[in-house]
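# An overview of the molecular structure
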Amino acid sequence: MTDAAQPQYKGPQRVFSGMQPTNGLHLGNYLGALQKFVRLQDHYECIYCIVDLHAITTGPDPENLASRCREVAAAYIAAGVDPKRSTIFIQSAVREHNELTWIFNCVARMGWVERMTQFKDKAGKDAQRSSVGLFDYPVLQAADILLYKATHVPVGEDQKQHLELSRDIAQKFNNDHNAPNFFPLPEPLIQGPGARIMSLRDGSKKMSKSDPSDMTRINLTDDADAIMSKIKKATTDAHPVPESKDGLEGRAEVENLVGIFAAVTERSVEDVLTEFGGKGFGVFKPALAETLAAKLSPIAAEMRRLTADTASLDAILKDGAEKAAAVAQPIMAEVRDVVGLWRA
Ligand code: AQP
């Protein structure tokens, strides 16, 4: 895969992505991003970050932040990210993320950042009381990606707009500094059946860590009983599973459950409908819950094993931070030169 929009970019094809260590990861994070992280290792040099600087934009949590970071690192590894092949590290351990963010703050335009819908969603009605960090979140995200000159970014559908902003920032930086192709224009890797997993209770809202109700999401650490209970209580309607995709029209919650089944089993939606079309949810929901439990139980068990051995996990993260810094620091030095900052 190469970036058709920027064939002149000759740097390495590199993948970067990250997840916030806010609440525990859920099925949406897994299907939308983590599963792709694992597959991409076969094709690219991959750098996967745990973005603790992003996590503090919505409030401090000093007692739990480190353990939440370890939990996300454990989820990456348990899902199949191999720390020997890919770089896994904590964002704040590589200080250059902050420095490049400042430079990008001077490149990004207010109007661009004001258009970001995720800020509007997260800030809610009282944007004036939100942190400046929450507003600036997508600029930090652009710095995360471009600090490594990453060319490809696996994310869920909700991050599409932020990725477009990263491309705009890269393009404007290159133009402003008369340095065409200095930064690549990063390509989002969004396609696939798990790109947008919705709340189990409301098919118009995405499954989210910060939803106050735990019943809206399947956590990676949920056991089989919790999964069965959440899926059985998931919102559906009185009609059976439809026999074709047309029958999903106007049934967002049903479409979501069928989509989850397809994504987890790596089958097409049509295939799932061929098997379950015409059957009631009394048949479909237990089959879905069992499939999910079979997929997630080994990941949860491995996460428990990894988080119990803090020393080994911290050693992996230290090694990852060193590998990440070895890529980031020379790029940051180039950026300082291009911008004309003072050389010590
Ligand atoms: N519902 C989703 N469906 C598909 N992909 C999703 N992602 C998140 N929710 C879904 C993808 O998971 C990656 C990591 O997300 P993040 O931790 O950076 O934060 P987020 O996108 O804001 O995810 P959450 O779970 O909704 O967190 P909170 O509630 O803390 O804001 C991203 O690639 C994202 O696209």
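Because the structure is predicted, anything quoted here is derived from the model rather than measured.

Residue pairs three or four apart in sequence face the same way in an α-helix, which turns once every 3.6 residues. With 14 residues, helix H10 (residues 252-265) ought to run about 20 Å at 1.5 Å a step, and its terminal C-alpha atoms sit 20 Å apart, in line with that. Burial runs high along H10: ten of the 14 residues are buried. Within H10 the residues assigned to the buried category are Val254, Asn256, Leu257, Val258, Gly259, Ile260, Phe261, Ala262, Ala263 and Val264. Check the buried side of H10 and you find it contacts helix H1 (27-40), helix H11 (269-276) and helix H12 (281-308). Phi turns positive one or two residues past the end of H10, at Glu266, with a value near 55 degrees.

Time to look at the packing of aromatic side chains. Summed over the entire model, instances satisfying the criterion amount to 15 aromatic pairs. For the pair Phe173 and Phe183, a centre-to-centre distance of 4.9 Å together with 65 degrees between the ring planes defines the contact as edge-to-face. With a gap of ten residues between them, Phe173 in helix H8 (residues 160-176) and Phe183 in the loop between H8 and strand S5 (187-189) connect regions that are remote in the sequence. According to the relative accessible area criterion, Phe183 is buried, its value standing at 0%.

Moving on, we get to the pattern of salt bridges. Going through the model one piece at a time under the given rule, you end up with 23 salt bridges. A salt bridge links Glu187 to Arg167, with the nearest nitrogen and oxygen atoms 2.8 Å apart. Residue Glu187 is located in strand S5, and its partner Arg167 is located in helix H8; the two are separated by 20 residues in the primary sequence. Look at Glu187 and you get partly exposed, because its relative accessible area is 24%. Measuring nitrogen to oxygen at the nearest pair gives 2.7 Å for the salt bridge that ties Asp237 to Arg251. One end of the pair, Asp237, is in the loop between helix H9 (224-233) and H10; the other, Arg251, is in the loop between H9 and H10, with 14 residues separating them in the sequence.

What counts, and at which threshold
- Every residue gets a number counted from 1 within its own chain, in the order that chain's sequence is written.
- Since the coordinates come from a predicted model, pLDDT governs what is reported: local features require at least 70, and pairs of side-chain atoms require 80 or more to be given and counted, while whole-chain, interface and lining totals use all residues.
- By convention in this description, side-chain values take in all heavy atoms of the structure and omit both hydrogens and water.
- Per the convention used, a helix needs a DSSP run of H or I reaching at least four residues, while a strand needs a run of E reaching at least two, with both numbered from the N terminus.
- What a helix is expected to span follows from its residue count: subtract one and scale by 1.5 Å.
- Here's how the labels work: a residue is buried when its accessible area is under 20% of the maximum for its type, exposed when over 50%, partly exposed in between, all with a 1.4 Å probe on protein chains only.
- Contacts between residues were defined by any pair of non-hydrogen atoms, one from each residue, lying within 4.5 Å.
- For Phe, Tyr and Trp, where Trp contributes only its six-membered ring, two rings pair if their centres lie within 6.5 Å, and the inter-plane angle classes them as stacked under 30 degrees, edge-to-face over 60, or tilted in between.
- Within this document, salt bridges are pairs made up of a side-chain nitrogen of Lys or Arg and a carboxyl oxygen of Asp or Glu, the two lying within 4 Å of each other.

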